[in-house]
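So you can see what is in the structure, the chains are spelled out below.
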Amino acid sequence: MPYVLVDRPDPAVAVVTLNRPERMNAMAYDVMVPFREALAALGDDNTVRAVVVTGAGSGFCSGADQEAAGVPPGVAGVTRPTYALRAMEALEEVVLTIRRLHQPVIAAVNGAAIGGGLCLALACDLRLAAPSAYFRAAGINNGLTASELGLSYLLPRAVGSTRAADIMLTGRDVGAEEAERIGLVSSVAADVVAAAVSTGQRIAGFSQPGVELTKKSLHAGIAATSLETYLPSEGIGQLYLRLLTSNFEEATVARREGRAPRFTDDR
């Protein structure tokens, strides 16, 4: 069986499953390289309006594979220090690919999200958790730092700096209930993949460029240095759709007629 599965439970929603359950979907390069390739291919597919990421078996992703990590791409003939750089770059590119996708990416965290698995979940735009899911910034437990693959950038922005410091410095487990309470996930659902697909279907009903620009503005807002410098970029995005499409007029008519709007993203 391939280590990455891609399903289309809905024409507009793709589900990407990390499929190495015997290793709790650890981040071996044999898994992460095809995972990034699958994400990139979906990003180029304009029929896909939302992407769900989940894991097979009882785990979402258990982070670094300490027994069978495989070989990162592009390391033929390099020295040990360069090998280490290429290895980290390959994993960083997975996180960046998730962030760069046109479509919103929804993490359906079905079980343990440990170390790099927590980083993968944080890279996604939305996170839903199964009741059995838990999260751990495991680097600190392994005698390393808890900071990896964007964790120290993304986690404080998701839960606040104090809670992020608690999670990262103690290496403790954060269960699904606490994760929902502190905003690490938006909801907890028994069938987390079905709930994530349902969320993707709702997103797919909106304007395609409207959703893409909203994702871009969320990311830009997180990184913005000030409200004053950031506000114009929001306004330009709003005017872009208001002036170049008839979406707003369609929404107005649809409300008057008591039906769902049909956005064409055109005049």
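See the structure shown above.
Thresholds applied
- Residues numbered from 1 in each chain as written.
- Predicted model: local features only at pLDDT ≥ 70, side-chain atom pairs only at ≥ 80, totals over all residues.
- Heavy atoms only, no water.
- Helix = DSSP H or I, 4+ residues; strand = E, 2+ residues; numbered from the N terminus.
- Expected span 1.5 Å × (residues − 1).
- Buried < 20%, exposed > 50% of the residue type's maximum accessible area, 1.4 Å probe, protein only.
- Arc of directions from axis to C-beta.
- Contact = heavy atoms within 4.5 Å.
- Polar contact = N/O pair within 3.5 Å; in protein donor to acceptor, adjacent residues only side chain to side chain.
- Axes fitted to C-alpha atoms, helices over the stretch in contact; angles between N-to-C directions.
- Left-handed = near helix turned anticlockwise from the far one by under 90°.
- Nonpolar A, V, L, I, M, F, W, Y, C, P; charged D, E, K, R; others polar.
- Core = buried A, V, L, I, M, F, W, Y, C linked by side-chain atoms within 4.5 Å.
- Phe/Tyr/Trp six-rings, centres within 6.5 Å; stacked < 30°, edge-to-face > 60°.
- Lys NZ or Arg CZ within 6 Å of the ring centre and 35° of its normal.
- Pairing = 2+ DSSP bridges.
- 1 Å grid on protein atoms, 1.4 Å probe; cavity = no way out; pocket = protein on both sides within 12 Å on 5 of 7 lines; lining within 4 Å.
- Points joined across faces, edges and corners; volume = space filled by probe spheres on them.

Draft legend 1. How the structure looks around helix 8 (residues 208-223). The end-to-end C-alpha distance of helix 8 is 23 Å, a good match for the 22 Å that 16 residues give at a rise of 1.5 Å each. Every buried residue of helix 8 is accounted for by Gly 210, Val 211, Lys 215 and His 219. An end-on view of helix 8 places all buried positions within 170 degrees of arc, on one side of the element. Packed against the buried residues of helix 8 are helix 2 (80-100), strand 5 (105-109), helix 7 (192-204) and helix 9 (227-244). Where helix 8 begins, the side chain of Ser 207 points an oxygen toward the backbone nitrogen of Gly 210, at a separation of 3.0 Å.

Draft legend 2. Region of interest: the environment of Val 48. The topology assignment puts Val 48 in the loop between helix 1 (29-43) and strand 3 (50-55). What makes Val 48 buried here is its relative accessible area of 1%. Sequence separation between Val 48 and Gln 208 is 160 residues, and the spatial gap between their C-alpha atoms is 9.9 Å. Setting aside chain neighbours within four positions, we find Val 48 in contact with Arg 8, Ala 12, Ala 14, Leu 42 and Gln 103.

Draft legend 3. A look at the packing of helix 1 against helix 2. Between helix 1 and helix 2, whose axes approach to 10 Å, the crossing angle comes to 30 degrees. Seen along the crossing, helix 1 lies across helix 2 with a hand that is left-handed. On helix 2, the residues touching Tyr 29, Met 32, Phe 35, Arg 36, Leu 39 and Ala 40 of helix 1 are Ala 87, Met 88, Ala 90, Leu 91, Glu 93, Val 94, Thr 97 and Ile 98. Residue composition of the contact of helix 1 with helix 2, grouped by class: eleven nonpolar, one polar and two charged.

Draft legend 4. Seen up close, unusual backbone geometry. Even without being glycine, Asn 25 reaches a positive phi, approximately 55 degrees. Within the secondary structure layout, Asn 25 lies in the loop between strand 2 (13-18) and helix 1. Residue Asn 25 is classed as buried on the basis of its relative accessible area, which comes to 0%. One non-glycine residue, Leu 149, lies in positive phi territory at about 50 degrees. In this structure Leu 149 comes out as buried when scored by relative accessible area, which is 9%.

Draft legend 5. Here's a closer look at the nonpolar core. Residues Met 32, Phe 35, Val 51, Phe 60, Leu 120, Phe 135 and Leu 155 are the most contacted members of the largest nonpolar core, which totals 55 residues. Formed by twelve residues, the second largest nonpolar core is a distinct cluster that contains Val 52, Ile 106, Ala 196 and Ile 203.

Draft legend 6. Spotlight on the packing of aromatic side chains. Per the stated rule, a full pass over the model turns up zero aromatic pairs. For Arg 157, the ring lying beneath its charged end belongs to Tyr 153, and the centroid distance is 3.7 Å.

Draft legend 7. Here's a closer look at the sheet that holds strand 7 (residues 126-129). Overall, mixed pairing links the six strands, which are arranged 1-2-3-5-7-10 in an open sheet. For this open sheet the edge positions go to strand 1 (4-10) and strand 10 (187-188), each flanked by a neighbour on one side alone. Here five bridges tie strand 1 to strand 2, and the two strands are oriented antiparallel to one another. Paired with Asp 7 across the bridge in strand 2 is Val 15. Where helix 1 meets the sheet, it contacts strand 1, strand 2 and strand 3, and its direction lies at approximately 175 degrees from that of strand 2.

Draft legend 8. Summary view of the pairing of strand 5. Among the five residues of strand 5, five are classified as buried, and the element is accordingly described as predominantly covered. Where strand 3 lies against strand 5, three bridges are found, and the strand directions are parallel. Paired with Val 53 across the two strands is Ala 107, which belongs to strand 5. Pairing of strand 5 with strand 7 involves four bridges; the strand directions are parallel. Looking across to strand 7, one finds that Ala 108 is bridged to Leu 128.

Draft legend 9. A look at the layout of surface pockets. Computed from the structure, the largest pocket encloses a volume of approximately 1,000 Å³. What lines the largest pocket is a set of 40 residues, and nearest its centre among them are Gly 210, Thr 214, Lys 215, Ser 217 and Leu 218. Among the elements of the structure, strand 7, helix 4 (151-159), helix 8, helix 9 and helix 10 (247-257) are those that each provide at least two residues to the lining of the largest pocket. Of the residues in the lining of the largest pocket, the class split is 20 nonpolar, twelve polar and eight charged. Its boundaries defined by the atoms lining it, the second largest pocket holds a volume of some 560 Å³. Looking at the second largest pocket, it is lined by 22 residues, and the ones nearest its centre are Gly 63, Ala 64, Asp 65, Leu 91 and Glu 148. At three residues, helix 2 tops the list of elements feeding residues into the lining of the second largest pocket.

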